[in-house]
Amino acid sequence: EYEKRSTLRDGLRRFLDLDMTTHYPILLVMFQAYAQNRITAKDVSKAMAYIESFVVRRAFNSKVSRDLNLVFAQVVGDIAQHRKSKSLSNVLRTSLAVKKWPKDQDFRANLLSTPIYANAREIARFALLRIERHQSANSREKVTNKTVQIEHIFPQQPGPAWNFSNLSELKKHLHVIGNLTLTAYNQHYGNKGFKEKVAGPNGLRKSPYWLNKSLRNAKDWSAEEINKRGHRLLRVALRLWPGPQSR
């Protein structure tokens, strides 16, 4: 909180939202170099963006998301070997790139199809918060970490109002990001049908959040709509979490 540069302060706040500690050794090395004037604030900011992208992208690729302690320890070693470099963020990016940092093609498929709520609920919440804050940066209505919860648009325990003819397809997409949103009224919605969830009292149609804007004109909820919304989120995600080929 005492960091005067807003980009670094915002990056550190996002790491607090991630609620994990495996990346701390890398941050320690980067900020030590910054304090010694060996690298710039821009370099530190880029490094934090690479770490965030690496964590998020790998979380959506569930096969390679469980060895971060080992990976980041190896990265610290790689940085130590190039400590005199004027761009430690480039050293970091190169090191992460050979440690299964998903490229854009894989991330596109993973973000749309991975049951992220079931596999990594904390990352699901972080990703939704990050997308919402980015898209609503100029809005008066600020989403806060403490007041919102994840809401399944198609609920985990659907009530009788749901169309049971397409229930099996909806269940296949239950935990993907296209079916997830943020709300302060999680308990209020429960297993209500889509129309009531959107247009009822405190319905998603009245929500100030960008994440819920696309739901205002939706007449029904289906696997097709989930996929369509997933692509909308993906376009933002690709900007927020650049892959190893980005600089």
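Here, every reference points to the structure presented above.
Residues numbered from 1 in each chain as written. Predicted model: local features only at pLDDT ≥ 70, side-chain atom pairs only at ≥ 80, totals over all residues. Heavy atoms only, no water.

### Comments concerning the overall build of the protein
So, point 1. Across its full length, the protein carries 12 helices and 2 strands.
So, point 2. Mapped in sequence order, the helices and strands of the protein form the string α-α-α-α-α-α-α-α-β-α-β-α-α-α.
So, point 3. Relative to the globule expectation of 18 Å for 247 residues, the C-alpha radius of gyration of the protein, 20 Å, shows essentially globular dimensions.
So, point 4. The principal-axis extents of the C-alpha atoms in the protein amount to approximately 65 × 35 × 25 Å.
So, point 5. In the protein, which comprises 247 residues, the proportion classed as buried is 47%.
So, point 6. Look at the contacts in the protein between residues 6 or more apart in sequence, and 72% of them connect residues 24 or more apart.
So, point 7. Charged side chains in the protein number 43 positive and 20 negative. The centres of these two groups are separated by 4 Å. (Helix = DSSP H or I, 4+ residues; strand = E, 2+ residues; numbered from the N terminus. Rg over C-alpha atoms; globule rule 2.2 N^0.38 Å. Buried < 20%, exposed > 50% of the residue type's maximum accessible area, 1.4 Å probe, protein only. Contact = heavy atoms within 4.5 Å. Lys, Arg positive; Asp, Glu negative; His and termini not counted. Charge placed at Lys NZ, Arg CZ, Asp CG, Glu CD.)

### Overview of the packing of helix H8 (residues 121–135) against helix H12 (residues 223–240)
So, point 1. Look at H8 against H12: their axes get within 10 Å of each other, and the N-to-C directions meet at 90°. Compared by their axis directions, H8 and H12 come out roughly perpendicular. Contacts from Arg130, Ile131, His134 and Gln135 in H8 reach Leu233, Val236, Arg239 and Leu240 in H12.
So, point 2. For the contact of H8 with H12, the per-class residue count stands at 4 nonpolar, 2 polar and 2 charged. (Axes fitted to C-alpha atoms, helices over the stretch in contact; angles between N-to-C directions. Parallel < 35°, antiparallel > 145°, perpendicular 65-115°, else oblique. Nonpolar A, V, L, I, M, F, W, Y, C, P; charged D, E, K, R; others polar.)

### Some thoughts on the packing of aromatic side chains
Two aromatic rings, taken as a pair, are described by how far apart their centres are and by the angle between their planes.
So, point 1. For the structure shown, the criterion picks out 7 aromatic pairs.
So, point 2. Pairing Phe54 with Phe72 gives two aromatic rings, centres 5.8 Å apart and planes at 50°, and the pair type is tilted. Taken together, the residues span a long stretch of sequence, with Phe54 in helix H3 (residues 41–60) and Phe72 in helix H4 (residues 68–81) at a distance of 18 residues.
So, point 3. Ring centres of Phe54 and Trp101 lie 6.1 Å apart, and the angle between their planes is 80°; this geometry places the pair in the edge-to-face category. With a gap of 47 residues between them, Phe54 in helix H3 and Trp101 in the loop between helix H5 (88–97) and helix H6 (104–113) connect regions that are remote in the sequence.
So, point 4. What makes Phe54 buried here is its relative accessible area of 0%.
So, point 5. Since its relative accessible area comes to 3%, Trp101 is described here as buried.
So, point 6. Three or more aromatic residues joined by ring pairs form one cluster here, namely Tyr50, Phe54, Phe72 and Trp101. (Phe/Tyr/Trp six-rings, centres within 6.5 Å; stacked < 30°, edge-to-face > 60°.)

### Things to note about the packing of helix H1 (residues 6–18) against H8
So, point 1. Running from N to C, H1 and H8 cross one another at 150°; their axes reach a closest spacing of 9 Å. Every residue of H8 that contacts H1 at Arg14, Asp17 and Leu18 is listed here: Ile123, Phe126, Arg130 and Arg133.
So, point 2. When grouped by side-chain class, the residues that make up the contact of H1 with H8 number 3 nonpolar, no polar and 4 charged.

### As for H3
So, point 1. Its 20 residues give H3 an end-to-end C-alpha distance of 29 Å, which sits within 8% of 28 Å, the value for a rise of 1.5 Å per residue.
So, point 2. Across the 20 residues of H3, 16 count as buried, placing the element largely inside the fold. (Expected span 1.5 Å × (residues − 1).)

### Side note on the pairing of strand E2 (residues 180–183)
So, point 1. Neither face of E2 is exposed, since Leu180 and Leu182 on one face and Thr181 and Thr183 on the opposite face are all buried.
So, point 2. Here strand E1 (residues 149–152) runs beside E2; their pairing, made up of 4 bridges, is antiparallel. Of the residues in E2, the one forming a bridge with Ile150 is Leu182. (Pairing = 2+ DSSP bridges.)

### As for the environment of Gln157
So, point 1. Mapped onto the secondary structure, Gln157 falls in the loop between E1 and helix H9 (167–172).
So, point 2. Taking the C-alpha atoms as reference points, Gln157 and Lys192, separated by 35 residues in sequence, lie 9.4 Å from one another.

### A word on the nonpolar core
Across soluble globular proteins, nonpolar side chains show a tendency to be buried alongside one another.
So, point 1. By size, the foremost hydrophobic cluster in this structure holds 59 residues, and its most contacted members are Phe60, Phe72, Leu92, Ile116 and Trp241.
So, point 2. When residues of this core are assigned to their parent elements, the largest contribution, 11 residues, is made by H3.
So, point 3. Contacts of Phe72, omitting those with residues within four sequence positions, involve Thr22, His23, Ile26, Ile51, Phe54, Val55 and Leu96. (Core = buried A, V, L, I, M, F, W, Y, C linked by side-chain atoms within 4.5 Å.)

### Digging into the pattern of salt bridges
So, point 1. Under the counting rule described, the total for this entry stands at 10 salt bridges.
So, point 2. Across the salt bridge formed by Arg14 and Glu52, the nearest N and O atoms sit 2.8 Å from each other. With a gap of 38 residues between them, Arg14 in helix H1 and Glu52 in helix H3 connect regions that are remote in the sequence.
So, point 3. Among the residues examined, Arg14 registers a relative accessible area of 21% and is labelled partly exposed.
So, point 4. Note that Arg133 and Asp17 form a salt bridge whose closest N and O atoms lie 2.6 Å from each other. Placement of Arg133 in helix H8 and of Asp17 in helix H1 is noted, with a sequence separation of 116 residues between them.
So, point 5. The network of salt bridges with common partners includes Arg14, Glu52 and Arg130. (Salt bridge = Lys/Arg side-chain N within 4 Å of Asp/Glu carboxyl O.)

None of the figures reported here should be taken as evidence of function without further support.
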